[in-house]
Amino acid sequence: MKELQQSDLAIHELIRQEEQRQADKIRLIASENYVSTPVLQASGSVLTNKYSEGYAGKRYYEGQQIIDQVENLAIERAKNLFGAEHVNVQPYSGSPANLAVYLAFLNPGDTILGMALPHGGHLTHGSPVSISGKFFDAQSYSLDRETGLLNYTTIRETALACTPKLIIAGHSAYPRIPDFKIFREIADEVGAILLVDMAHFAGLVAGGSHPSPVPYADVVTTTTHKSLRGPRGAMILCKEKHAAAIDKAVFPGIQGGPHDSTTAAIAVAMKEAATDEFKAYTAQVLKNAKMLAETLMSKGFQLVTGGTDNHLMLVDLTNKGVPGKKAAKALDAAGLVLNYNAVPFDIRKPFDPSGIRIGVCAVTSRGFTEKEMIFIGDKIDSVINDTENVALHAEIAEEVKKLCSAFPAPGLEHLF
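Residues numbered from 1 in each chain as written. Predicted model: local features only at pLDDT ≥ 70, side-chain atom pairs only at ≥ 80, totals over all residues. Heavy atoms only, no water.

### So, the overall build of the protein chain
Stage number 1. For the protein chain, the count of helices and strands is 16 helices and 15 strands.
Stage number 2. Taking all 416 residues of the protein chain together, 56% fall into the buried category.
Stage number 3. Total accessible area on the protein chain is roughly 17,600 Å²; 54% of this is exposed by carbon and sulfur atoms.
Stage number 4. Looking at charge distribution, the protein chain has the averaged site of its 40 positive side-chain charges lying 1 Å from that of its 46 negative ones. (Helix = DSSP H or I, 4+ residues; strand = E, 2+ residues; numbered from the N terminus. Buried < 20%, exposed > 50% of the residue type's maximum accessible area, 1.4 Å probe, protein only. Areas by Shrake-Rupley, 256 points an atom, 1.4 Å probe, with all protein chains shown as cover. Lys, Arg positive; Asp, Glu negative; His and termini not counted. Charge placed at Lys NZ, Arg CZ, Asp CG, Glu CD.)

### A word on the side chain of Thr124
Stage number 1. The topology assignment puts Thr124 in the loop between β5 (111-115) and α6 (131-134).
Stage number 2. Those residues within four positions of Thr124 in sequence are excluded, and the remaining contacts are Ser95, Asn98, Tyr102, Ser130 and Ser132. (Contact = heavy atoms within 4.5 Å.)

### Notes on the pattern of salt bridges
Stage number 1. In total, this model carries 18 salt bridges according to the counting rule given.
Stage number 2. Notably, a salt bridge pairs Lys181 with Glu185, separated by 2.7 Å at the nearest N-O pair. With Lys181 and Glu185 both in helix α8 (residues 180-190), this residue pair falls four residues apart, about one helical turn.
Stage number 3. Take Lys181: its relative accessible area is 45%, and that puts it in the partly exposed class.
Stage number 4. Glu185 gets classed as partly exposed once you look at its relative accessible area, which sits at 41%. (Salt bridge = Lys/Arg side-chain N within 4 Å of Asp/Glu carboxyl O.)

### Topic: the pairing of strand β7 (residues 166-170)
Stage number 1. Counting buried positions along β7 gives five out of five residues, so the element sits mostly inside the fold.
Stage number 2. Pairing of β5 with β7, which is carried by two bridges, proceeds in the parallel orientation. Bridge pairing in β7 links Leu113 to Ile167. (Pairing = 2+ DSSP bridges.)

### Section: the UniProt feature "domain: Serine hydroxymethyltransferase-like" (unreviewed entry) in the protein chain
Stage number 1. In the numbering adopted here, UniProt assigns the feature "domain: Serine hydroxymethyltransferase-like" (unreviewed entry) to residues 4-377.
Stage number 2. Span residues 4-377 is 43% helix and 15% strand, its end C-alpha atoms 39 Å apart. (UniProt positions renumbered as here; feature names shortened; annotations may be inferred.)

### Overview of the nonpolar core
Most often, soluble globular proteins have nonpolar side chains that are buried together.
Stage number 1. Grouped together as the largest cluster of nonpolar side chains are 92 residues, with contacts concentrated most on Ile26, Phe82, Ile167, Met235, Ile358 and Ile380.
Stage number 2. With eight residues, helix α12 (residues 276-298) is the single largest residue contributor to this core.
Stage number 3. Two domains each provide a minimum of three residues to this core, namely domain 1 (40-274) and domain 2 (276-410).
Stage number 4. Those residues in contact with Ile167 that lie beyond four places of it in its chain are Leu113, Ala159, Phe183, Ile186, Ala187, Val190, Ala192, Ile193, Leu194 and Leu195.
Stage number 5. By size, the runner-up hydrophobic cluster in this structure holds 21 residues, among which are Val101, Phe136, Ile168 and Ile246. (Core = buried A, V, L, I, M, F, W, Y, C linked by side-chain atoms within 4.5 Å. Domains from an automatic or database assignment.)

### A closer look at the UniProt feature "binding site: (6S)-5,6,7,8-tetrahydrofolate" (unreviewed entry) in the protein chain
Stage number 1. Within this structure's numbering, the places UniProt gives as "binding site: (6S)-5,6,7,8-tetrahydrofolate" (unreviewed entry) are Leu117, Gly121, His122, Leu123 and Glu240. Annotated residues spanning 124 residues; largest pairwise C-alpha distance 30.5 Å, indicating distribution over more than one region.
Stage number 2. Following the sequence through the fold, His122 ends up in the loop between β5 and α6.
Stage number 3. Ignoring sequence-local partners within four residues, the contact set of His122 consists of Ser95, Leu117 and Ser172.

### Considering the sheet that holds β5
Stage number 1. If you walk across this open sheet you meet the seven strands as β4-β10-β9-β8-β7-β5-β6, and the pairing is mixed. Lying at the two open borders of the sheet, with one neighbouring strand each, are β4 (86-88) and β6 (137-141). Neighbour-to-neighbour, the strand axes of the sheet open up by a mean angle of 20°, direction not taken into account.
Stage number 2. Strand contacts of helix α5 (residues 94-105): β7, β8 (193-197), β9 (219-223) and β10 (234-238), with the helix running at about 160° to β9, the strand carrying the most contacts. (Axes fitted to C-alpha atoms, helices over the stretch in contact; angles between N-to-C directions.)

### Observations concerning the sheet that holds strand β12 (residues 312-316)
Stage number 1. Read from one edge to the other, the open sheet built from four strands follows the order β11-β12-β15-β14, with strand pairing classed as antiparallel. Strands at the two margins of the open sheet, each flanked by one partner only, are β11 (302-303) and β14 (339-341).
Stage number 2. Pairing geometry for β11 and β12, over two bridges, is antiparallel. Pairing of Gln302 across the sheet is with Asp316, part of β12.
Stage number 3. Set on the sheet, α12 makes contact with β11, β12 and β15 (355-359); between it and β12 the angle comes to about 15°.

### Examining the pairing of β9
Stage number 1. Within β9, five of the five residues are buried, leaving the element largely enclosed by the surrounding structure.
Stage number 2. Here β9 shows two buried faces, one formed by Val219, Thr221 and Thr223 and the other by Val220 and Thr222.
Stage number 3. Of the strand pairs in this sheet, β9 and β10 are connected by five bridges, and their pairing is antiparallel. Of the residues in β10, the one forming a bridge with Thr223 is Ala234.

This is the structure:
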C-alpha cells in the first residue's frame, strides 16, 4: 500500500496496526473470519468505481457490459452452491437483506414472529429497538428455561395465538441446529411466509456440515462473511415465485446501486466455498467447536444448552461470579478476542450481561485444530479465574502471539 502510505500516512498506519492485531490475536468473535487474498483483491478492485442501479440487462446506467457478467457469475455460483431457485446478491449487508424481505411481503403493522434477542435472535428479527420492531407487530418465541433449547410445541402455540404473516427462524447466538421442517409445518399451519436467516451458519451449509434451510423456507437471507468467508455483503435466496417481489424490494425498495466490488468478492467466495478444501474446513469447524466446548465444561463453565452443534457457543458466567463485559475485556487484554453477550433469562442489562459468545470460524481458517482448542480453553479459564491480574494477561498475550505466529492468517501471509 505504498500509494496510500504516501497519500495518507495516518490511515495507512491504522490499517497496518489492524493487520497486526488480526495476526497476533486469537479471534473468537462468532461473526468474524478471515477472507482470502483473492477476496480482498476483488473487494478493493476498480469495480468500486462503477454505479449499477438495476439488474443485469436492465440497468439505469450505461457501461454495464462487465458488471452484468460479474453479477451473473455471483448469482449462478450461489444458486449452484445452495441449490436455490433465485438469488439476489445486491443487499449491502444482512440487516438490509432482512428489511427487504419484510418490504416484499408485509405492510406496516403486520405481525411477525421471531426468536427473542436475549435468547439468541437478531436485532432485525423484531427487537423493539430495531425498525423490525417499530414498524411491525413483533412477537417473539423464547428458549425453554430448563433445556435452553427451542421448544417447538410452544413456538407452534405462540404462532397459533398471534397468527403472524411471517415467521423468522435462524439466530445469532443459538448453539444448536433449528428444525427447519417443523418451522415449515408451523408456517403452513398459520399461513405464514417462512424466512430463515442463516447468516451465521451459511458457510457450514455450503460445506455440507449443517442442514440446509433452502428446501423448507420461502426465503433465506445470509451475510456473505462469517462462516462463509466472503466480503461484508449479503444475499437473498428464494423460491422462483417470490423472485420478482424480492428483487423489487431490494431495488428500488430499500437501496440504490449495488457495491460492484463486493459483488465480485462474493463471486470469488462462492467459488472457494464449492471446493473440497472448504468442505474440510467446515468439518473442522464443528470438531473445534465441540472440543472447545468440552474443554470449557470440564473446567466448570456453564454452556447454554450444554454444548454446541455449530460454530459457536454461549457461556453463562454467573457461576464464575464474573460479568460478561468484564470477562471480555480481560480476555482481550490476554489476546483472546470475543464479545460479551446476554444469555437466556439474563437478569443483567444487555450492555453488561452475564455471558460471553465464542466462535471458532476464524481460528479454524488459520489452521487451528483440537489441540489448539484445548490451549484456548485453558487460557480462557486462567483469565476468568483472575480477571484483575494484568501481568498474567500480558503473559498469556505473549503465548497467544507465539502460537499465532505458527498459523499464518489468510490474507495476511505477508506478515509471517
